[in-house]
Amino acid sequence: MKRQNAGLLVLCALRTATLGCRGLLCQSQRFLNQTVSLSAALLDGQEYFGNAADEVLRLQQQKQARAFANKAMATMAGVGLFMVLTHSRTLELSLHARILALSQQHWVVATSDMLLMCNDIAVSRAMLLNALRSYPQQLRMLIHTRVNLGYRCGHMHAMLASATVWSPYPWICYTSGPDIYLMPPFIAKMGVLLPDAAKHGVGLIADPFSRWPGSHSTLSMDVFVIRPHALVAANATAVHISEAWLGNVELHVEAGHAATAFANATATCLATLHNPERLLFMMAKSLGLKMQPVGAHGRVNRRFRTAPRGGVWHTHNTSAVQAYLSESKKNKSSWF
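Per chain, residue numbering runs from 1 following the sequence as it is written. With pLDDT at 70 or above as the cut-off, local features in this predicted model cover only qualifying residues; side-chain atom pairs require 80 or more to be listed or tallied, and sums for whole chains, interfaces and linings still use all residues. Each side-chain value is derived from all of the structure's non-hydrogen atoms; neither hydrogens nor water enter the calculation.

## Observations concerning the environment of L128
For L128, the position within the fold is in helix α6 (residues 125-132). Here the term buried applies to any residue with accessible area under 20% of the maximum for its type, exposed to any over 50%, and partly exposed to those in between, with areas from a 1.4 Å probe on protein chains only. The class of L128 is buried, set by a relative accessible area of 0%. In sequence terms L128 and L116 are 12 residues apart; their C-alpha atoms lie 8.4 Å from each other. Helix numbers and strand numbers start at the N terminus; a helix is a DSSP run of H or I with at least 4 residues, a strand a run of E with at least 2.

Right, dumping it as structure tokens:
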């Protein structure tokens, strides 16, 4: 697929007679047509920028495709991608990288690539690159962009805008912020869940999440795993989003690409301003994706001072994370 913004897959046919073009919906349409490509790539001690970063990714993906033909690699569900979205929460990035590095010997991490996406152009790119160097993966990539649709719509749009990077991968583990730490027990779970998902056609690995009793069905945005092949299969024919999905808004998108699911979710958000947890559930349900829970026990209290057994630690307590890392350094043999 030619490198272009996956947002171009969105052929907006918004029923202006019913909804009109106003407010956030009207102001944000231009973002759907902006190209978001790699800002930098780090590989084998070398740093590449702009078009050179895109070329590194292309060559690496060709190499990975050949490796995936190997039977042993195929049984491990292929070379996946970890993706972290950040806005202004940059303090936790180095800690996030160090936590993931605790699992660098596990095949899930050892065979994966890393994509860091920052949608705050005011953040120092030098700082982002410095944090990126701390991640254990061989190929580490950065998207640094000013395109940001805000808290409610930004997550779905980040997946849409970066689709030309992640769509060739067999799986993508998305983390909605660097303050969500992927502990060794989580990586161990992924080592079991990913091959099982590939075997049984699971399209989404995510935990249920309800912020309020009796609220609509939602899925946790802390971390989820998407399998693009399943999204393509679900989008095998031209997609028409019915009134049950968007009210009186019609959206027609190109079929046959994993990005179409997130194009729909982004357009839905712009029209309805649903929370991202709700959008993720609606997307999966509308496509009939086969789902599997992570088993991370939902959202963890951010004041929790010790690492949770479920393996996903959502905390703003950086001192507690640093203390955990110091303790882990003393007990290296306890992990992989």
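## Considering the state of the cysteines
Two cysteine sulfur atoms form a disulfide, by the criterion used here, when they sit within 2.5 Å. Enumeration over the complete set of coordinates arrives at one disulfide. The disulfide bridge from C153 ends at C269, spanning 2.1 Å between sulfur atoms. Here C153 and C269 share a disulfide; its torsion about the S-S bond, -85 degrees, makes the bridge left-handed. Of this pair, C153 sits in helix α7 (residues 150-161) while C269 sits in helix α12 (residues 259-272), and the two are 116 residues apart along the sequence. Classification of C153 by relative accessible area gives buried; the value is 0%. A residue is classified by how much of its surface remains accessible, and C269, at 0% relative accessible area, is buried.

## Considering the packing of α7 against α12
Every axis in this analysis is a line fitted to C-alpha atoms, fitted for helices over the stretch in contact. Angles between the N-to-C directions lie between 0 and 180 degrees. With their axes 8 Å apart at the nearest point, α7 and α12 run at an angle of 155 degrees to one another. Relative to α12, the element α7 is oriented roughly antiparallel. By crossing handedness, the relation of α7 to α12 is classed as left-handed. In this structure, α7 uses R152, C153, M156, H157, M159 and L160 to contact α12, whose residues at the interface are A259, F262, A263, A265, T266, C269 and L270. All residues other than Ala, Val, Leu, Ile, Met, Phe, Trp, Tyr, Cys, Pro, Asp, Glu, Lys and Arg, Gly among them, are scored as polar; the first ten of these are nonpolar and the last four charged. Across the contact of α7 with α12, the residue classes tally to 10 nonpolar, two polar and one charged. Just so you know how the angles are binned, under 35 degrees is roughly parallel, over 145 roughly antiparallel, 65 to 115 roughly perpendicular, and the rest oblique. Rotating anticlockwise by less than a right angle from the far helix to the near helix defines a left-handed crossing, while the corresponding clockwise rotation defines a right-handed one. Residue contacts are defined here by distance: any two heavy atoms, one from each residue, within 4.5 Å place the two residues in contact.

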